[in-house]
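# Structural overview for review
The primary structure of each chain is shown beneath.
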Amino acid sequence: MQSLFDDGAFGREPQTLRPGAVHVPGWLTAEQQDWITEQFLSWGQGPVPPHSTLVNGHPMKVKTVCLGWHWGNYQYTRTAEDLNGAPVPPMPDWLVELGRRAVAETTTDPPNAQAYNPDVAIINYYPPGSTMGMHQDAQEKVNAPIVSLSIGDSANFRLGNNETRTKPYQDVRLASGDLFVFEGPARWAFHAVTKIYPGTGPAHWKLGGGRINITLRETGMS
Ligand SMILES: O=C(O)CCC(=O)C(=O)O
Ligand SMILES: [Fe+2]
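Throughout what follows, the structure given in this document is the object of discussion. Computed from a prediction, not measured in an experiment: that's the story for all the values here.

Here the focus is the coordination of the iron ion (ligand 2). Here the iron ion (ligand 2) is held by His 135 (NE2), Asp 137 (OD) and His 191 (NE2), and the distances to it run 2.1 to 2.2 Å. Each donor residue of the iron ion (ligand 2) belongs to the same chain, and together they define the spacing H-x1-D-x53-H.

So, in structure tokens, the structure goes:
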């Protein structure tokens with residue numbers, strides 16, 4: 001596993017959409033994507049099962065599991081209060097390290113990377129045809145970066161402005177293995193996933209269809 005995430009395993013050029021919003025295509029190798037997919041399958045075994053979080057009283061189309069903290073009822077808790085009450089598994093060290101490396105490679109503010117200590121991972125599975133509406137990641141109490149990793153079918157990711165759910169926004173296609181980081185002036189950007197492109201995932205991918213997205217965040221809570 002150590003060698004799987006060694007120096008040299010990463011390498012594509014970052015593309016800055018706007019200050020603080022950086023896309024790195026193909027950041028994860030096929031082997032890393034497969035390994036993370038195996039972890040995804042084990043996270044799905046519980047103790048908190050993949051579930052549809054309620055947003056504005058409606059179940060989201062994505063199925064979610066969390067590490068570190070549970071996200072539900074617009075708050076972070078250590079147990080899944082809105083589901084089975086089970087404690088959330090801890091954040092694995094390798095995921096914290098991966099997040100730090102992601103920030104180190106994309107930030108314009110290098111001390112950010114050293115200081116980055118994500119304590120929650122939200123792992124979403126998008127079934128074919130699903131979407132996620134415009135929202136801000138707003139339940140965190142600190143300004144630390146959001147690190148997003150995508151595996152499986154490609155998606156249209158919409159990066160909006162910081163104030164409204166409407167234009168101006170920019171669309172970017174996130175493919176399997178892509179990294180997206182939003183920090184600093186883009187940290188509180190509204191964003192959405194407007195489309196999953198069926199049949200675009202890697203041939204080797206164990207899940208076949210759909211998409212996994214992992215976001216790493218700092219809650220600012222203890
Ligand atoms: O799936 C994505 O690319 C974004 C996910 C997201 O915005 C979230 O989990 O809050
Ligand atoms: Fe989000």
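Between the first and last C-alpha of helix α1 (residues 30-43) there are 20 Å, a value that for 14 residues agrees with the 20 Å anticipated at 1.5 Å per step. Taken together, the buried positions of α1 are occupied by Gln 32, Gln 33, Ile 36, Thr 37, Gln 39, Phe 40 and Trp 43. End-on view of α1: buried residues confined to an arc of 160°, all on one side of the axis. Where the residues of α1 are buried, they touch β5 (63-67), α2 (93-106), β8 (120-126), β10 (146-152) and β15 (211-217).

Turning our attention to the packing of aromatic side chains. For the structure on display, the rule yields seven aromatic pairs. Relative to Trp 94, the ring of Trp 35 lies with its centre 4.7 Å away and its plane at 75°, an arrangement referred to as edge-to-face. Placement of the pair is Trp 35 in helix α1 and Trp 94 in helix α2, with a sequence separation of 59 residues. By the ring-pair criterion, three or more aromatic residues cluster together here, those being Trp 35, Trp 43 and Trp 94. We note Arg 173 situated over the ring of Tyr 197; from NZ or CZ to the ring centre the distance is 4.0 Å. The lysine or arginine in question, Arg 187, covers the ring of Trp 188, its NZ or CZ lying 3.9 Å from the ring centre.

The full set of residues close to ligand 1 is Asn 124, Tyr 126, Met 132, His 135, Asp 137, Phe 157, His 191, Val 193, Arg 211, Asn 213, Thr 215 and Arg 217. In this structure, Tyr 126 approaches ligand 1 through a side-chain N or O atom, which is 2.4 Å from an oxygen atom. Contact between ligand 1 and His 191: an oxygen atom at 2.9 Å from a side-chain N or O atom of the residue. Burial of ligand 1 by the surrounding chains reaches 95%, relative to a free accessible area of 300 Å². Taken together, the elements giving at least two residues each to the shell around ligand 1 come down to β8, β9 (132-135), β14 (191-196) and β15. The greatest single-element share of the shell around ligand 1, amounting to four residues, is contributed by β15. When grouped by side-chain class, the residues that make up the shell around ligand 1 number four nonpolar, five polar and three charged.

Rules and cut-offs
Residues numbered from 1 in each chain as written. Chains lettered and ligands numbered in written order. Predicted model: local features only at pLDDT ≥ 70, side-chain atom pairs only at ≥ 80, totals over all residues. Heavy atoms only, no water. Donors = N, O, S within 2.8 Å, 3.2 Å for Na, K, Ca; no water. Helix = DSSP H or I, 4+ residues; strand = E, 2+ residues; numbered from the N terminus. Expected span 1.5 Å × (residues − 1). Buried < 20%, exposed > 50% of the residue type's maximum accessible area, 1.4 Å probe, protein only. Arc of directions from axis to C-beta. Contact = heavy atoms within 4.5 Å. Phe/Tyr/Trp six-rings, centres within 6.5 Å; stacked < 30°, edge-to-face > 60°. Lys NZ or Arg CZ within 6 Å of the ring centre and 35° of its normal. Near = heavy atom within 4 Å. Polar contact = N/O pair within 3.5 Å; in protein donor to acceptor, adjacent residues only side chain to side chain. Areas by Shrake-Rupley, 256 points an atom, 1.4 Å probe, with all protein chains shown as cover. Nonpolar A, V, L, I, M, F, W, Y, C, P; charged D, E, K, R; others polar.

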